[in-house]
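A structural walkthrough
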Amino acid sequence: MAKRIDVKDLNLFYGKFHAVDGVSLAVPPRNVTAFIGPSGCGKSTVLRSLNRMHEVIPGARAEGKVLLDGEDIYASTVDPVSVRRTIGMVFQRPNPFPTMSIRDNVVAGLKLAGERSGKKLDEVAEQALRGANLWAEVKDRLNRPGGGLSGGQQQRLCIARAIAVQPDVLLMDEPCSALDPISTLAIEDLIQELKKDYTIVIVTHNMQQAARVSDQTAFFNLAGVGQPGRLIELDDTERIFSNPTQKATEDYISGRFG
Amino acid sequence: MSTATDLNRPAAPPAFQEINASRRFKNRLATILVAGTFVLALAPLVWLLITVIAKGFQYVLNADWWQKSLAGLTSRQFGGGVYHAIVGTLLQGLICAVIAVPIAVMVAVYLVEYGKRSRLAKAVTFTVDILSGVPSIVAALFIYALCITTLGMPRSAFAVSLALVLLMIPVVVRTTEELLKIVPDELREAAYALGVPKWKTIVKIVIPTAMSGIITGITLAIARVMGETAPVLVLVGYTTFINYDPFGGSMASLPLLMTSERLTTNEVGEARVWGAAVTLILIITVFNLLGSLISRLTSLKTK
């Protein structure tokens with residue numbers, strides 16, 4: 001559990017469009033790394049490339065290396081399905097499976113991987129829902145559809161679903177942008193707890209959120225429309241928000257950009 | 001020295017105007033036009049339904065009608081029933097569905113999940129479009145030429161089912177394709193991110209999400225092909241006996257019974273034709289109701 005990620009000279013493309021240019025960064029285990037930057041700078045694209053979700057989009061491809069504890073996930077012998085089993089993901093909009101109950105949503109990953117034992121699945125469901133701080137709210141209605149929960153609960157359900165398969169890394173793509181402040185707070189608290197067991201990378205548009213939840217922050221920027229996004233600076237969150245080395249970073253976090 | 005003040009005078013000129021006469025007129029005209037065409041479109045349907053029910057409903061109230069065939073009855077004898085034709089219609093429709101539905105659903109899965117905008121997918125879509133425009137008589141003659149003339153099969157209910165397959169596939173492909181398209185990509189991505197392979201995502205996540213609509217589409221398509229007349233006229237002989245064997249012998253069906261008994265120009269023939277018409281409409285209605293019931297039972301719930 002909880003492995004480190006090393007990205008080496010990663011270039012990402014959508015068809016002929018060069019979306020991200022030469023990103024290299026390191027994410028230590030049991031650590032929260034936040035990706036910030038303006039829209040279109042490629043931070044979500046980089047995040048999606050960390051568990052090979054990038055290539056799901058037709059025409060998208062990646063060049064370079066992403067090492068998980070030294071093992072290249074882009075090696076030609078690696079099955080992308082096994083990469084995604086090891087590196088989980090939570091999306092911007094909560095997306096529980098509409099045909100499944102709350103319990104079945106949580107254990108969907110295990111069930112679809114062939115786990116049959118109802119007892120084991122029940123245990124995993126409870127553990128994951130407790131881990132996502134949702135157990136108390138849903139324990140009496142585990143067989144109700146997941147779509148009946150509130151937006152914030154649905155997002156925690158999706159987090160429970162992601163941690164139920166016991167990944168080494170958890171990627172979060174703006175997990176709070178569709179939620180109200182109270183649900184956002186619940187998710188942020190949860191991130192702090194999950195940090196004990198998982199390596200977490202989170203993309204956020206909310207700089208206060210980045211400052212609150214992350215240990216280190218990566219700032220991405222792009223030179224102009226149609227230009228590839230680049231990693232400008234990666235440092236401890238405290239340094240980034242108090243004393244960044246790059247002027248672009250300072251301009252962005254202090255609201256002087258564009 | 002009194003200055004007459006009009007107390008009813010508005011404090012300020014109104015900011016908004018009334019609807020002017022020309023707009024009011026146009027609105028009324030459009031309303032009348034829309035309501036009028038609605039009535040115009042509905043009238044023949046209602047008229048048809050009333051005629052069929054008025055002329056045929058009395059015959060289907062008899063229990064014999066649903067349980068007996070016309071075997072041994074001459075064209076001057078009342079009595080008997082259309083059980084033989086109901087069996088034929090259901091059997092032919094069912095065999096058709098068993099063959100057509102898996103093919104059509106898999107074609108739709110290919111088009112939406114794998115083909116996307118590839119050349120092969122475009123060719124398949126084009127073929128399906130053409131197939132959906134093929135008249136049923138052409139489908140029937142094609143099967144006749146292929147199976148009966150070339151392969152030497154006898155005329156049979158199975159040949160009818162094959163012709164119906166040609167008519168059913170494009171309908172089911174189209175509806176399934178549309179329904180798979182509206183399944184949000186986010187659900188596919190959620191499954192991929194859990195380490196679920198693509199085929200399993202399609203089978204366990206995408207298709208179940210679209211299932212309720214797909215079932216409705218399939219029942220509607222079955223109901224539609226059961227009323228087709230050209231294939232039964234060309235590909236199978238009429239009989240008044242009950243035949244359960246789709247591969248051999250003549251087999252009646254409701255449309256075939258109607259076209260055959262139409263030639264009996266007396267009250268008996270009239271009774272059989274109108275009665276069969278009511279029966280066919282009833283069966284198709286039951287199928288449609290069944291479809292919406294199943295789709296309601298399998299539809300996505302949030303509570």
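Each chain carries its own residue numbering, running from 1 in the written order of its sequence. Chain letters start at A and ligand numbers start at 1, both assigned in the order the entries are written. Reporting of local features is limited, given that this is a predicted model, to residues whose pLDDT is at least 70; pairs of side-chain atoms are given and counted only at 80 or more, and all residues count toward the totals for whole chains, interfaces and linings.

This brings us to the overall build of chain A. Helix numbers and strand numbers start at the N terminus; a helix is a DSSP run of H or I with at least 4 residues, a strand a run of E with at least 2. When helices and strands are tallied, chain A shows 11 helices and 10 strands. In this description the radius of gyration comes from C-alpha coordinates, and the expected globular size is given by 2.2 Å times residues to the power 0.38. A compact globule built from 258 residues should have a C-alpha radius of gyration of about 18 Å, and chain A, at 18 Å, falls within 12% of that. Viewed in the frame of its principal axes, chain A has a C-alpha envelope of about 55 × 45 × 30 Å. Buried residues are those with 20 or more other C-beta atoms within 10 Å of their own C-beta, exposed residues have 12 or fewer, and partly exposed residues lie in between; C-beta atoms are placed from the backbone. The buried share of chain A, reckoned over its 258 residues, is 46%. Once C-beta atoms are placed from the backbone, any two residues with those atoms within 7 Å are in contact. Contacts spanning at least 24 positions in sequence make up 67% of the contacts within chain A whose residues lie at least 6 apart.

Another point: the UniProt feature "transmembrane region" (unreviewed entry) in chain B. Residue and element names in this part refer to chain B. UniProt positions are given in the numbering used here, feature names are shortened, and annotations may be inferred rather than shown by experiment. UniProt marks residues 32-61, 81-111, 123-144, 156-173 and 273-294 with the feature "transmembrane region" (unreviewed entry), using the numbering shown here. Measuring from the first to the last C-alpha atom of residues 123-144 gives 26 Å, for a span that is 86% helix and 0% strand. Counting secondary structure, residues 156-173 comes out at 94% helix and 0% strand; the distance between its end C-alpha atoms is 26 Å.

Moving on to the UniProt feature "domain: ABC transmembrane type-1" (unreviewed entry) in chain B. The UniProt feature table records "domain: ABC transmembrane type-1" (unreviewed entry) at residues 86-295 of chain B. Measuring from the first to the last C-alpha atom of residues 86-295 of chain B gives 25 Å, for a span that is 79% helix and 0% strand.

Every contact between the two is made by 20 residues of chain B and, on the other side, 25 residues of chain A. Elements with a minimum of two residues in the side of chain B that touches chain A: helix 7 (185-193) and helix 8 (198-226) of chain B. It is helix 7 of chain B that contributes the most residues to the side of chain B that touches chain A, six residues altogether. Tallied by class, the residues present in the side of chain B that touches chain A amount to 10 nonpolar, three polar and seven charged. Polar here means any residue outside two lists: the nonpolar Ala, Val, Leu, Ile, Met, Phe, Trp, Tyr, Cys and Pro, and the charged Asp, Glu, Lys and Arg; Gly therefore counts as polar.

For any two helices packed against each other, the geometry comes down to the angle between their axes and how far apart the axes lie. Residues and elements named next belong to chain B. Here, axes are lines fitted to C-alpha atoms. For helices the fit covers the stretch in contact, and angles between N-to-C directions go from 0 to 180 degrees. Between helix 4 (residues 119-132) and helix 6 (residues 157-181), whose axes approach to 8 Å, the crossing angle comes to 125°. Here helix 4 is positioned oblique relative to helix 6, judged by the angle of their axes. The crossing of helix 4 and helix 6 is left-handed. Taking contact as the criterion, the partners of Val128, Leu131 and Ser132 in helix 4 are, on helix 6, Leu166, Ile169, Pro170, Val171, Val173 and Arg174. Taken together, the residues of the contact of helix 4 with helix 6 sort by class into seven nonpolar, one polar and one charged. When describing relative orientation, an angle under 35 degrees is termed roughly parallel and one over 145 degrees roughly antiparallel, while 65 to 115 degrees is termed roughly perpendicular and anything else oblique. By convention, the crossing between two helices is left-handed when the near helix turns anticlockwise from the far helix through less than a right angle, and right-handed when the turn is clockwise.

For the rest of this paragraph, the subject is the confidence of the model for chain B. Reading predicted coordinates in detail is not appropriate for stretches of low pLDDT. Looking at any residue, its pLDDT shows the predictor's confidence there, from 0 to 100. Chain-level statistics for chain B give a pLDDT mean of 90 and a share of 97% at 70 or above. At the level of chain-chain contacts, confidence expressed as ipTM amounts to 0.89, with global pTM at 0.84.

Residues and elements named next belong to chain A. Among the five residues of strand 7 (residues 169-173), five are classified as buried, and the element is accordingly described as predominantly covered. Here strand 7 shows two buried faces, one formed by Val169, Leu171 and Asp173 and the other by Leu170 and Met172. Note on pairing: DSSP must find at least two bridges between two strands before they are called paired. Sheet topology places strand 6 (residues 87-90) next to strand 7; four bridges connect them, and they run parallel. Bridging from a neighbouring strand, isoleucine 87 pairs with valine 169 of strand 7. Where strand 7 and strand 8 (residues 199-203) come together, five bridges link them in parallel fashion.

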